[in-house]
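Report on the structure
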Amino acid sequence: MKQVLEFEKPVLELKDKINELKNITKTSDVDLTEDIARMEQRLAKLEEDIYRNLKPWDRVQIARHSDRPTTLDYVERLFTDFIEFHGDRLYADDEAIVTGIGKFQGQSVTIVGHQRGKNTKENITRNFGMPHPEGYRKALRHMKQADKFNRPIISFIDTKGAYPGKAAEERGQSEAIARNLMEMAGLRVPIICIVIGEGGSGGALGLGIGDRIHMLENSTYSVISPEGAAALLWKDSAQAQRAETMQITSYDLKSLGIIDEIIQEPSGGAHRNVDEQAKAIKNVLVKSLNELRPLGSEVLLEKRWEKYKQIGDYSELTNDASC
């Protein structure tokens with residue numbers, strides 16, 4: 001059964017009525033062409049009104065939609081000759097993160113990304129897209145390989161967060177994420193990061209240090225989930241719908257200067273037309289690679305440092321006694 005979001009119900013109800021009238025027209029002599037045309041006009045206006053005025057919580061729901069395209073959906077449409085690699089050479093293979101090599105418009109690139117499932121069985125296999133330490137170590141192994149062979153890195157971010165279980169902590173979850181942050185900051189090849197769904201906490205940031213950070217229009221990026229923030233701020237996770245206070249949407253993060261570009265989605269979300277969404281991502285990748293390829297490694301690192309240094313406001317202490 002298809003997932004239906006609460007704010008979409010009026011649209012689906014009207015679509016059902018239109019289909020009902022079309023079936024009546026096909027199975028009887030009654031001509032309802034004009035009625036159908038009027039209702040289709042109403043539908044177009046209703047969709048425009050709803051999807052152009054989405055609230056932050058609506059975008060959270062779209063980002064979490066069970067049919068939302070995953071990393072492998074985009075890999076299939078954007079890259080050729082993709083070869084997936086497994087394991088971190090230390091402990092195990094984490095299927096919540098996929099890594100591999102492919103070709104983008106004839107150029108070899110390294111691809112890393114979070115991977116969740118689309119049904120219960122897949123989600124259990126993928127641990128609902130929440131990586132263990134070995135997932136981050138697997139990703140880092142292949143990013144360092146990309147650095148060695150001068151391949152650009154393309155990272156797809158889509159996780160509620162790193163897995164918070166006891167076993168993950170015992171195997172060094174925080175160290176694995178921290179090491180990724182440190183190592184990615186110093187890689188001497190272009191890194192392009194795209195938030196395609198939920199970008200949750202350090203679990204997302206572990207693949208999120210790059211020269212360009214883009215977000216799909218209805219994706220989110222935050223230090224904590226809305227439910228977690230609500231539990232801390234208002235002692236009630238049911239207050240998660242107050243997500244606008246967190247400024248976690250693509251438009252919020254663009255205005256704050258944290259991301260570089262918003263990638264527009266088809267009306268209703270990326271799951272409505274995956275091929276169209278993949279084309280929009282392709283255009284942004286082409287633009288970003290064309291901007292980054294000509295830069296030497298030293299310039300690339302300097303610009304990356306400047307990019308992150310400019311995020312947020314801060315003041316410096318001085319030794320001036322008058323201050």
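Throughout this description, residue numbers start from 1 for each chain and increase along the sequence as written. Owing to the predicted nature of the model, reporting of local features is limited to residues with pLDDT of at least 70; listing and counting of side-chain atom pairs is limited to 80 or more, with chain, interface and lining totals taken over all residues. Remark: hydrogens and water are excluded; side-chain values derive from all non-hydrogen atoms of the structure.

Naming follows an unreviewed UniProt entry, where the chain appears as Acetyl-coenzyme A carboxylase carboxyl transferase subunit alpha of Radiobacillus deserti.

1. Thoughts on helix 1 (residues 9–27)
Here helix 1 contains 19 residues, and its C-alpha end-to-end distance of 27 Å stays within 8% of the 27 Å for a straight helix at 1.5 Å per residue. Remark: exposure states derive from per-residue accessible area (1.4 Å probe, protein chains only) relative to the maximum for the residue type, with buried under 20%, exposed over 50%, and partly exposed in between. Helix and strand definitions follow DSSP, with helices as H or I runs of at least four residues and strands as E runs of at least two, each counted in order from the N terminus. Of all the residues in helix 1, the buried ones are Val11, Leu14, Ile18 and Leu21. Seen end-on, helix 1 carries its buried residues on one side only, within an arc spanning 90°. In helix 1, the exposed residues that point more than 90 degrees away from the buried face are Asp16, Lys26 and Thr27. Here, residues are in contact when the closest pair of their heavy atoms is within 4.5 Å. Residues of helix 1 that are buried sit in contact with helix 2 (33–51). What a helix should span is 1.5 Å times the count of its residues minus one. Think of the arc as the fan of directions from the helix axis to the C-beta atoms.

2. A look at the packing of aromatic side chains
In this description, a pair of aromatic rings is defined by centroid distance and the angle of the planes. Any Phe, Tyr or Trp ring, taking Trp's six-membered ring, that has another such ring centre within 6.5 Å forms a pair; planes under 30 degrees apart are called stacked, those over 60 apart edge-to-face, and the others tilted. Enumeration according to the criterion identifies four aromatic pairs in this entry. Here Phe7 and Tyr51 contribute two aromatic rings whose centre-to-centre distance is 6.4 Å and whose plane-to-plane angle is 80°, an arrangement assigned as edge-to-face. A residue pair is termed long-range when its members are at least 10 positions apart, and Phe7 in the segment before helix 1 and Tyr51 in helix 2 qualify at 44 residues. According to the relative accessible area criterion, Phe7 is buried, its value standing at 17%. By relative accessible area, which is 9% here, Tyr51 ends up buried. Ring geometry for Phe79 versus Phe104: centroids 5.8 Å apart, planes at 55°, classification tilted. One end of the pair, Phe79, is in the loop between helix 4 (71–78) and strand 1 (80–85); the other, Phe104, is in strand 2 (residues 97–104), with 25 residues separating them in the sequence. Both residues of the pair, Phe79 and Phe104, count as buried. Of the aromatic side chains, those joined through ring pairs into one cluster are Tyr74, Phe79, Phe104 and Phe156.

3. Brief notes about the layout of surface pockets
Once rolled over the atoms, a probe with the size of a water molecule shows which space is left empty. In this structure, the largest pocket spans a volume of roughly 270 Å³. Only helix 9 (201–205) and strand 7 (220–222) provide two or more residues apiece to the lining of the largest pocket. Under the convention adopted here, Pro, Cys and the residues Ala, Val, Leu, Ile, Met, Phe, Trp and Tyr are nonpolar, Asp, Glu, Lys and Arg are charged, and Gly plus all remaining residues are polar. By residue class, the composition of the lining of the largest pocket is ten nonpolar, three polar and no charged. A pocket here means an open set of points on a 1 Å grid, computed over the protein atoms alone, that has protein on both sides within 12 Å along at least five of seven lines. A cavity is instead a set of points where a 1.4 Å probe fits but cannot get out; residues with an atom within 4 Å of a point line either one. Grid points are joined across faces, edges and corners, and a volume is the space filled by probe spheres set on the points.

4. Considerations on the pattern of salt bridges
What makes a salt bridge here is a side-chain nitrogen of Lys or Arg within 4 Å of a carboxyl oxygen of Asp or Glu, nothing more. Under the counting rule described, the total for this entry stands at 29 salt bridges. For Glu48, the salt bridge is made with Arg52, and the minimal N-O distance between the two is 3.1 Å. Residue class for Glu48 comes out partly exposed when judged on its relative accessible area of 40%. For Arg52, a relative accessible area of 65% gives the class exposed.

5. Section: the domain arrangement of the chain
Each assigned domain of the chain is listed with its residue range as follows: domain 1 (6–53) and domain 2 (67–307). Boundaries between domains were set according to an automatic or database domain assignment. If you average the C-alpha positions of domain 1 and of domain 2, the two centres end up 38 Å apart.

6. Quick notes on the side chain of His271
Among the secondary structure elements, His271 is positioned in the loop between strand 8 (261–263) and helix 12 (274–292). In this structure His271 comes out as buried when scored by relative accessible area, which is 17%. In contact with His271, not counting residues within four places along its chain, are Ile62, His65, Asp67, Arg68 and Pro69.

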